[in-house]
Amino acid sequence: MKRLSPLLPWLAAAAFALPAAAQTMVSIARPEVNLRAGAGTQHDALWVVSQGYPLQVIGRQGQWLKVRDFENDVAWVYRPLTGHTPHHVVKVQTVNIRSAPSTDSRILGQAQYGEILRTLEKRPSWVRVHHEDAGVTGWVARRLLWGW
C-alpha cells in the first residue's frame, strides 16, 4: 500500500482533469418518465420529463442512474428508460434556429427555454438541431444550449 501512496495525488488530479466530453450523457427514451428522489419506485417522483430530455449521469446504483439536468437539479432515473440519442435543451429565454452556423444567416425559427432539440451535428461553436414541435432543422449557437 505504501508504494501506491505517491501515485494517489496524481490519480486524483487526473480524474478531475477529464474533459467535459468524457461526461456520460443519456436522454429519455419514452414519451414521459418520472425522475425520482432516490434509486427505486418507492421514492417520490420529483418531476416528469419528456422524450429526448438530456441528462448528465453523476452516479449509479444497480439499474438506476443518478442524473443532473441543465438547471443543476439532481434526481434518479431507471436506466432502461434512457437512451443514447443526443439532444440539447435551450438554456436561455429564446434561441434563433438559423440556416447556417453564423449569426449572419437567415432565421428559420425559434425555440424557448426548456425546449428539447434533437442534436444532428456538432461544431465547436454551433450545433445543428431539429426542433420536432416546430418542424424546423437548423443551427443554434452552442453556448445557448445544454446537452450533448
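Residues numbered from 1 in each chain as written. Predicted model: local features only at pLDDT ≥ 70, side-chain atom pairs only at ≥ 80, totals over all residues. Heavy atoms only, no water.

## With respect to the side chain of Ser27
Here is the rule we go by: Only DSSP runs of H or I with at least four residues qualify as helices, and only runs of E with at least two residues qualify as strands; both kinds are numbered from the N terminus onward. Only protein chains enter the accessibility calculation, which uses a 1.4 Å probe. A residue is then buried if its area is under 20% of the maximum for its type, exposed if over 50%, and partly exposed in between. Any pair of nitrogen or oxygen atoms within 3.5 Å is treated as a polar contact; in protein, a donor-acceptor pairing is required on top of that, and neighbouring residues in sequence qualify only through side-chain atoms on both sides. Residue contacts are counted whenever heavy atoms from the two residues lie within 4.5 Å of one another.
Following the sequence through the fold, Ser27 ends up in strand β1 (residues 25-28). Here Ser27 falls in the buried class, since its relative accessible area comes to 1%. A polar contact of 2.8 Å, which involves the side chain of Ser27, links it to the backbone oxygen of Thr85. Apart from residues lying up to four places away in sequence, Ser27 is in contact with Gly52, Tyr53, Pro54, Leu81, Thr82, Gly83, His84, Thr85, His87 and Trp148.

## A few points about the pattern of salt bridges
The cut-off we apply is this: Each salt bridge in this description consists of a side-chain nitrogen of Lys or Arg and a carboxyl oxygen of Asp or Glu lying within 4 Å of one another.
Counted by the stated rule, this structure contains one salt bridge. In this structure, the salt-bridge partner of Glu121 is Arg123, at a minimum N-O distance of 3.3 Å. Take Arg123: its relative accessible area is 37%, and that puts it in the partly exposed class.

## Looking at the layout of surface pockets
Formally: In this analysis, the protein atoms alone were mapped onto a 1 Å grid. Cavities are point sets where a 1.4 Å probe fits without being able to get out; pockets are open sets with protein on both sides within 12 Å along at least five of seven lines; lining residues have an atom within 4 Å of a point. Grid points are joined across faces, edges and corners, and a volume is the space filled by probe spheres set on the points. As a working rule, the residues Ala, Val, Leu, Ile, Met, Phe, Trp, Tyr, Cys and Pro are called nonpolar, Asp, Glu, Lys and Arg charged, and the rest polar, with Gly in that last group.
Looking at the second largest pocket, its volume works out to about 210 Å³. Lining the second largest pocket we find Gln51, Gly52, His87, Glu115, Ile116, Leu117, Arg118, Leu120, His130, His131, Glu132 and Asp133. Every element with two or more residues in the lining of the second largest pocket is listed here: β11 (116-122) and β12 (126-131). When residues of the lining of the second largest pocket are assigned to their parent elements, the largest contribution, four residues, is made by β11. For the lining of the second largest pocket, the per-class residue count stands at three nonpolar, five polar and four charged.

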